[in-house]
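# A closer look at the structure
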Amino acid sequence: MTDTTELATFRLETREWLRLNCPHSMRGKFGVADEYWGGRNARFITSEQQLWFERMAAKGWTVPTWPREYGGGGLSPAEARVLEQEFRGLECKPPLLSFGIWMLGPALLKFGTEAQKLEHLPKIARGEIRWCQGYSEPNAGSDLASLASRAEDRGDHFIVNGQKIWTSFGDKADWIFCLVRTDTAKKHTGISFVLFDMATPGVSTKPIQLISGKSPFCETFFDNVRVEKSNLVGNLNGGWEVAKYLLTHEREMIGAMGEGALPQSLQQIAIAAVGLDGHGRLADLQLRAQIAEFDMDEAAFHATLARFGELAKARKAHPAMSSMLKYYGAELNKRRWELIMSAAGSDALEWESDRSNYGGLARTWLRTKGNSIEGGTSEVQLNVIAKRILELPGA
Ligand SMILES: Cc1cc2nc3c(=O)[nH]c(=O)nc-3n(C[C@H](O)[C@H](O)[C@H](O)COP(=O)(O)OP(=O)(O)OC[C@H]3O[C@@H](n4cnc5c(N)ncnc54)[C@H](O)[C@@H]3O)c2cc1C
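These numbers were taken from a predicted model, which means no experiment stands behind them. (Residues numbered from 1 in each chain as written. Predicted model: local features only at pLDDT ≥ 70, side-chain atom pairs only at ≥ 80, totals over all residues. Heavy atoms only, no water.)

Looking only at helices and strands, the protein has eleven helices and eight strands in total. The C-alpha radius of gyration computed for the protein amounts to 22 Å, which stays within 12% of the reference 21 Å derived for 395 residues, consistent with globular compactness. Taking the principal axes of its C-alpha atoms as reference, the protein extends roughly 75 × 50 × 50 Å. Classification of the 395 residues of the protein by burial places 46% in the buried group. (Helix = DSSP H or I, 4+ residues; strand = E, 2+ residues; numbered from the N terminus. Rg over C-alpha atoms; globule rule 2.2 N^0.38 Å. Buried < 20%, exposed > 50% of the residue type's maximum accessible area, 1.4 Å probe, protein only.)

This part covers the packing of helix 6 (residues 239-255) against helix 9 (residues 321-344). Viewed as axis vectors pointing N to C, helix 6 and helix 9 meet at an angle of 30°, and their least axial separation amounts to 7 Å. Accordingly, the angle class assigned to the pair helix 6 and helix 9 is roughly parallel. The two elements helix 6 and helix 9 meet at a crossing, and its hand is left-handed. Of the residues in helix 9, those touching helix 6 at Thr-248, Arg-251, Glu-252, Ile-254 and Gly-255 are Ser-322, Ser-323, Leu-325, Lys-326 and Gly-329. Taken together, the residues that form the contact of helix 6 with helix 9 break down as two nonpolar, five polar and three charged. (Axes fitted to C-alpha atoms, helices over the stretch in contact; angles between N-to-C directions. Parallel < 35°, antiparallel > 145°, perpendicular 65-115°, else oblique. Left-handed = near helix turned anticlockwise from the far one by under 90°. Contact = heavy atoms within 4.5 Å. Nonpolar A, V, L, I, M, F, W, Y, C, P; charged D, E, K, R; others polar.)

So, about the side chain of His-157. The topology assignment puts His-157 in strand 3 (residues 157-168). By relative accessible area, His-157 is classed as buried at 12%. A polar contact is formed between the side chain of His-157 and the side chain of Asp-156, at a distance of 2.8 Å. (Polar contact = N/O pair within 3.5 Å; in protein donor to acceptor, adjacent residues only side chain to side chain.)

A word on the site of the ligand. Of all residues adjacent to the ligand, which total 18 residues, the nearest are Ser-136, Ser-142, Trp-166, Thr-377 and Glu-379. Here an oxygen atom of the ligand and a side-chain polar atom of Ser-142 are 2.6 Å apart. Here a nitrogen atom of the ligand sits 2.9 Å away from a polar atom, N or O, in the side chain of Asn-383. Considered on its own, the ligand offers 980 Å² of accessible surface; in the complex 66% of this is hidden by protein. Those elements that provide at least two residues to the shell around the ligand are strand 3 and helix 11 (378-389). For the shell around the ligand, the element with the highest residue contribution is strand 3, accounting for four residues. Tallied by class, residues from the shell around the ligand come to five nonpolar, ten polar and three charged. (Near = heavy atom within 4 Å. Areas by Shrake-Rupley, 256 points an atom, 1.4 Å probe, with all protein chains shown as cover.)

The next subject is the pairing of strand 2 (residues 150-153). Examined bridge by bridge, strand 2 and strand 3 share four bridges and lie antiparallel to one another. Residue pairing for strand 3: Glu-152 is matched across the bridge by Ile-159. (Pairing = 2+ DSSP bridges.)

With that settled, the discussion passes to helix 2 (residues 47-59). With 13 residues, helix 2 should reach 18 Å at 1.5 Å per residue; the first-to-last C-alpha distance of 18 Å fits that figure. Listing the buried residues of helix 2 in full gives Gln-49, Trp-52, Phe-53, Met-56 and Ala-57. The arc that holds the buried residues of helix 2, viewed along the axis, is 125°, so those residues lie on one side. Along helix 2, the residues that are exposed and aim more than 90 degrees away from the buried face are Ser-47 and Ala-58. Against the buried residues of helix 2 lie helix 1 (5-21), helix 3 (77-89) and helix 5 (114-125). Once helix 2 ends, the next one or two residues include Gly-60, with phi positive near 80°. (Expected span 1.5 Å × (residues − 1). Arc of directions from axis to C-beta.)

Quick look at the packing of helix 1 against helix 2 now. With their axes 11 Å apart at the nearest point, helix 1 and helix 2 run at an angle of 150° to one another. Taken as axis vectors, helix 1 and helix 2 run roughly antiparallel relative to one another. Where helix 1 approaches helix 2, its residues Trp-17, Leu-18, Leu-20 and Asn-21 are matched on the opposing element by Trp-52, Arg-55, Met-56 and Lys-59. Residues belonging to the contact of helix 1 with helix 2 are distributed by class as follows: five nonpolar, one polar and two charged.

In structure tokens form, the structure reads like this:
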């Protein structure tokens, strides 16, 4: 598509701004070491990372399409797309990773009161507050609406008791967006969506150790936690609607993750491992065929993502499309990492050494196993697709 005159001007200005303002070290392949999640206890790794973050936040470009009064850049969907293209063209690294941006923000923009938007959105945009998600419980995962954490009505506030599980970065987050039961007689219509500070008395977390050796999530406990009613998002007992809307954003985010975490491309890793033949092609015929097949599927997926983006901006996307993207993106990413592991051979299993960057490949491979579980399992996404997109009869 060609730009309108205004967009062409915006493109040139944006390119120039990025060229002048994105420090050299903040360009190139984005890795775990470049991540900045913000929050009360956040520390920048380098002064250039800080400079880059501050420049982007000042322009509102950590959340380019959010309105300016909430800390955003106020860009139109077309301008945001140009920014994204120019950002990628110069290989600028993301200044801020945030569940607030990917999940809570969109839900607050749709369901929050004006006071809630003004209170929370600017702090998300400026990376001041880091959020975690309190959805899953020991007996409520795929069947999320079975959740039992309870919020008792005490007039101007609730008292929350219960337990969440798999709370990603629960021990690092400042605030939590949380699903609680406010009516025990009803299932989906007895749930409310509340926000509270993780420093509130009665909130505690216990990290869960993973097979990858990391501990990115927690069990989270609530023991008589006071939550002001002003922190209820949406209607009392109307939290399921907010939760589902937020999940569509979470699923899009997970579906689109993919290659970001790779220090090198799949091809580069394969070439380093098996070398090239006399014609300059990957020496292992079978691996070459598998990578070619993967590349075609990935290109088709990128085209689908772009199509979905356009449909979403035109408000014509099917609401369950995020399940399709989540399902395919998660399975594709798992496939990518299986290929990387088979390409790199036994070297990829190195676990504790400088040479392997402390098992970078193996640990990321193991982490991708969670992609088809987090944000709703692949089986659950297939159920949604069958029911809501294909309109197949239910069991
Ligand atoms: C990396 C990671 C990060 C996460 N982060 C968070 C977080 O920050 N906050 C949070 O609240 N949660 C988080 N979760 C939890 C996640 O949302 C749940 O694990 C997920 O919803 C599945 O629930 P469960 O683990 O209870 O599995 P279960 O629901 O017990 O499912 C077990 C198995 O049964 C299958 N199954 C269940 N029901 C059906 C059905 N109706 N049809 C077909 N198959 C079915 C599932 O697909 C799965 O294979 C995270 C999970 C992971 C892996």
